[in-house]
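# Reading the structure
What follows is each chain in one-letter form.
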Amino acid sequence: MLKDQIKFYREAAGLSKAELSRRTGVCDVTIHYWESGVITSINSNNLLSVANVFAITVSELLEDPLLSDHDANVARKAVAAAIKNRSGQPELLNKDA
């Protein structure tokens, strides 16, 4: 589900809801509502903004993959590396990855 994808990629990138809010221009309460499933319809501009932050396509954001733990760790590292390359900031990884 989209709510799980947004949360997965946000956590994989090591971003707080507030940081994702800052990078997308969407208020952090809205991001909370997306992740909790309160809001299920997200406009295309916001989907594109979120996907751009994670350096993925909207299609990838909308996919609902069933990842193994290993694949999830690989995805976390790839997302963090992509964000680092785009922002010039230090790599942010989940400590469990």
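Here goes a summary of the coordinates provided. (Residues numbered from 1 in each chain as written. Predicted model: local features only at pLDDT ≥ 70, side-chain atom pairs only at ≥ 80, totals over all residues. Heavy atoms only, no water.)

### A word on the overall build of the protein chain
Each helix and strand counted, the protein chain has 6 helices and 0 strands in total. For the protein chain, the succession of helices and strands along the chain, N to C, is α-α-α-α-α-α. Split by element, the accessible area of the protein chain, about 5800 Å² in all, is 49% carbon and sulfur. (Helix = DSSP H or I, 4+ residues; strand = E, 2+ residues; numbered from the N terminus. Areas by Shrake-Rupley, 256 points an atom, 1.4 Å probe, with all protein chains shown as cover.)

### Brief notes about the nonpolar core
Ranked by size, the top nonpolar core spans 20 residues in total, and within it I6, Y9, W34, F54 and L61 carry the most contacts. The contact partners of W34, leaving out residues within four places of it in the chain, are K3, I6, V26, I39, I42, N46 and V50. (Core = buried A, V, L, I, M, F, W, Y, C linked by side-chain atoms within 4.5 Å. Buried < 20%, exposed > 50% of the residue type's maximum accessible area, 1.4 Å probe, protein only. Contact = heavy atoms within 4.5 Å.)

### Quick notes on helix α1 (residues 2-12)
Residues of α1 that are buried include every one of L2, Q5, I6, F8, Y9, R10 and A12, and no others. At the exit of α1 stands G14, carrying a positive phi of roughly 75°.

### Considerations on the environment of V29
Among the structural elements, V29 can be located in helix α3 (residues 28-36). Under the relative-accessibility criterion, V29 is labelled partly exposed at 43%. The spacing of V29 and A18 is 11 residues in sequence and 8.8 Å in space, taken between C-alpha atoms.

### Focus on a nonpolar patch on the surface
Where nonpolar side chains cluster on the molecular surface, the patch consists of V29, Y33 and V38 and spans about 270 Å² of accessible area. Residue position: V38 is located in the loop between α3 and α4 (44-53). Given a relative accessible area of 59%, V38 falls into the exposed group. (Patch = residues over 30% accessible without salt bridge, like charges linked within 9 Å, V, L, I, M, F, W, Y side chains within 5 Å. Salt bridge = Lys/Arg side-chain N within 4 Å of Asp/Glu carboxyl O.)

### Notes on α4
Taken residue by residue, α4 has N46, L47, V50, A51 and V53 as its buried positions. One side of α4 holds all its buried residues, which, seen down the axis, span an arc of 160°. In α4, the exposed residues that point more than 90 degrees away from the buried face are S44 and N45. A side-chain oxygen of the first residue of α4 lies 3.0 Å from the backbone nitrogen of N45; this N-cap is N43. A55, located one to two residues past α4, shows a positive phi value of around 60°. (Arc of directions from axis to C-beta. Polar contact = N/O pair within 3.5 Å; in protein donor to acceptor, adjacent residues only side chain to side chain.)

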